[in-house]
Amino acid sequence: MKHILVVEDEAVIRRAVRRLLERNGYEVSDADSIESARALMGDESLDLVIADLRLPDAPGTDLIGLRPELPVLIMTSYASVRSAVEAMKLGAVDYIAKPFDHDELLLCIERILEHDRLERQNVALKQDVARSYPVGGMVGRCAAMREVFARIEKVAPTDTTVLILGESGTGKELVARALHAHSRRQDGPLISVNCAAIPSGLIENELFGHEKGSFTGAVGATKGLIEAADAGTLFLDEIGELPLEAQARLLRVLQDGEVRRVGAAHAKRVNIRLIAATHRQLPLLVEQAAFREDLFFRLHVVEIALPPLRERGHDVRELAKVILARSCEKVHAPPRQIEPAALDAMCAYHWPGNVRELENVIERAVILCEGKTITADLLALGSGVDRGPAETEEPARANLSLEEYFLRFVEQHQGEMTETELAQRLGISRKALWERRQRLGIPRPKSKA
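Treat the numbers as computed from the prediction; the structure is a model and nothing was measured.

## Looking at the environment of Ile272
- Along the chain, Ile272 falls in the loop between strand E12 (268-269) and strand E13 (273-278).
- For Ile272, a relative accessible area of 17% translates into the label buried.
- Taking the C-alpha atoms as reference points, Ile272 and Ala231, separated by 41 residues in sequence, lie 5.6 Å from one another.

Written as structure tokens, this is what we have:
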């Protein structure tokens, strides 16, 4: 039962409000002055204070802040915009004018208490997450991850450009989200762009926008993603894939704080924080003239390097349990457990696809599991090759390495499958498929999407 303190000097109104609230299931205390109300404010069971604005000894707003977590609703017969604004400025949670309708007051109280409940629940959840996962919900206790958490906490409150390095699937976007969430820009937008997923001919239009008539089909002006990130954070994933011309334009944005749309005569001011990520060696790309050296130096202010999963030791066990719970919820399966032998197999596996591969393996095991326990057999990690719907196609693949099987499967099937179909059959994302093509030098047929 919610406990409400009513502070009103007019006895008739005080008794009427008390009766109304008690009839609707609230516990009520009352007072006729600020002095008598102060004596009751120490009651930890209080959930809300309703106070008249004009009381004999002091204004009702004097109760605001005595207990910061306790909401105060101000009521008054002196209804005016000015008094309402002043009460809200002082911290009142809401304002209601007398004479008020009973339903109006009850709805106002219900809304305040529900909002307060959600706020407290949110604080509790954040505290639980902060205790379990140091930054942004990421899991890890190994020395390398503790270093990552420490670096995030140190650099997040600044506007410094950050370069995140790590293999595919290590969680680079999670780091970017954590940096934004712990920054002064957390109420602004976080715009994520995968530079590898946008065709090179469209990347400049996507990032910088265009003016009407700037090219055939430009029937109206369009804001680019850089403008959309104004007052927030721009996350450029796989920045190593950015074409050189777009690199030059991005450099001007970072140097001048201005963005010029395609076809525009004038630039617009933007205030963004840039976070970039890549799995490639940018210094090597600079040597090969595939990446601008001046842009590299602009990006390389603070570096955060994510370790591959195979180097994170017992983090695999903790990650597996967290991902298992999430996967069961995602596919609407009952809670499962992972047998010790399966956890041992996970720790021994190389994980070329890192955390993303671990997520795929566990989700598939949850779907196939017919009991309450995930066994090592369900994980299918023993052969060290790709696992997924495609595994029934080549029974003899156990003698192939992971990359050999991937190479053979893609070359055999890319003629009749789209990239989406290939990725689904291999049990990986389209981004992971593209990255492996790049690493293994398998060109994508131009006729396939």
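Next comes the rest of the write-up.
## Here we look at a negative patch on the surface
- A surface patch of negative charge is lined by Asp9, Glu10, Asp32, Glu35, Asp57 and Asp62.
- By secondary structure assignment, the location of Glu10 is in the loop between strand E1 (3-7) and helix H1 (11-23).

## Examining the sheet that holds strand E4 (residues 72-76)
- Strand order in the open sheet formed by five strands is E2-E1-E3-E4-E5, with parallel pairing between adjacent strands. Of all strands in the sheet, those with a lone pairing partner are strand E2 (27-31) and strand E5 (94-97), marking the two edges. For this sheet the average axis-to-axis angle between neighbouring strands, irrespective of direction, equals 20°.
- Here four bridges tie strand E3 (residues 46-52) to E4, and the two strands are oriented parallel to one another. Residue Val49 lies in a different strand from E4, and its bridge partner there is Val72.
- Across the sheet, H1 lies against E1, E2 and E3, angled at about 170° from E2, the strand it touches most.

## Let's talk about the pairing of strand E7 (residues 190-194)
- Alternating positions in E7 separate cleanly, Ile191 and Val193 being buried on one face and Leu190, Ser192 and Asn194 remaining unburied on the opposite face.
- Judged from the five bridges that link them, E7 and strand E10 (residues 233-237) form a sheet pairing that is parallel. Bridging across to E10, Val193 finds its partner in Leu236.

## As for helix H13 (residues 340-348)
- Those residues of H13 not exposed but buried are Ala342, Leu343 and Met346. Looking straight down H13, one finds that the buried residues subtend no more than 100° of arc, so they occupy a single side. Facing away from the buried surface of H13 by more than 90 degrees, the exposed residues are Pro340 and Ala348.
- Buried-residue contacts for H13 involve helix H12 (315-330), strand E15 (337-338), helix H14 (354-368), strand E16 (373-374) and helix H15 (376-379).

## A look at the pattern of salt bridges
- As enumerated under the stated definition, the model contains 25 salt bridges in all.
- One salt bridge in this structure joins Lys268 and Glu227, with 3.9 Å as the shortest N-O distance. Within this pair, whereas Lys268 is found in strand E12, its partner Glu227 is found in helix H8 (residues 225-228), the two being separated by 41 residues in sequence.
- Take Glu227: its relative accessible area is 10%, and that puts it in the buried class.
- As a salt-bridge pair, Glu363 and Lys330 come within 3.1 Å of each other at their nearest N and O atoms.

## Details of the nonpolar core
- Judged by nonpolar contacts, the single largest core of 30 residues is most densely connected at Leu207, Ile226, Leu234, Leu236, Ile239, Leu242 and Phe291.
- Listed by contribution, the elements that provide at least two residues to this core are E7, helix H7 (203-208), E10, helix H9 (244-256), E13, helix H10 (282-287) and helix H11 (293-299).
- Here Leu207 is in contact with Val193, Gly224, Leu225, Ile226, Leu236 and Leu242, once residues within four sequence places are set aside.
- Ranked by size, the runner-up nonpolar core spans 24 residues in total, among them Val316, Val355, Cys369 and Ile374.

## Focus: the packing of helix H17 (residues 419-426) against helix H18 (residues 430-440)
- Running from amino to carboxyl end, H17 crosses H18 at an angle of 95°, the nearest separation of the two axes being 9 Å. One finds that H17 runs roughly perpendicular with respect to H18. Between H17 and H18, the residues in contact are Glu419, Thr420, Leu422, Ala423 and Leu426 and Arg430, Leu433 and Arg437, respectively.
- A per-class count over the contact of H17 with H18 returns four nonpolar, one polar and three charged.

## With respect to the packing of aromatic side chains
- The final tally for this structure, using the stated rule, is two aromatic pairs.
- Ring geometry for Phe296 and Phe297: centres 5.7 Å apart, planes at 50°, overall tilted.
- Summarising the aromatic geometry, the rings of Tyr349 and Trp351 are spaced 4.6 Å apart at their centres and angled 90° between planes, so their arrangement reads as edge-to-face. We note that Tyr349, like Trp351, is buried.

Parameters and conventions
Residues numbered from 1 in each chain as written. Predicted model: local features only at pLDDT ≥ 70, side-chain atom pairs only at ≥ 80, totals over all residues. Heavy atoms only, no water. Helix = DSSP H or I, 4+ residues; strand = E, 2+ residues; numbered from the N terminus. Buried < 20%, exposed > 50% of the residue type's maximum accessible area, 1.4 Å probe, protein only. Patch = residues over 30% accessible without salt bridge, like charges linked within 9 Å, V, L, I, M, F, W, Y side chains within 5 Å. Areas by Shrake-Rupley, 256 points an atom, 1.4 Å probe, with all protein chains shown as cover. Salt bridge = Lys/Arg side-chain N within 4 Å of Asp/Glu carboxyl O. Lys, Arg positive; Asp, Glu negative; His and termini not counted. Charge placed at Lys NZ, Arg CZ, Asp CG, Glu CD. Pairing = 2+ DSSP bridges. Axes fitted to C-alpha atoms, helices over the stretch in contact; angles between N-to-C directions. Contact = heavy atoms within 4.5 Å. Arc of directions from axis to C-beta. Core = buried A, V, L, I, M, F, W, Y, C linked by side-chain atoms within 4.5 Å. Parallel < 35°, antiparallel > 145°, perpendicular 65-115°, else oblique. Nonpolar A, V, L, I, M, F, W, Y, C, P; charged D, E, K, R; others polar. Phe/Tyr/Trp six-rings, centres within 6.5 Å; stacked < 30°, edge-to-face > 60°.

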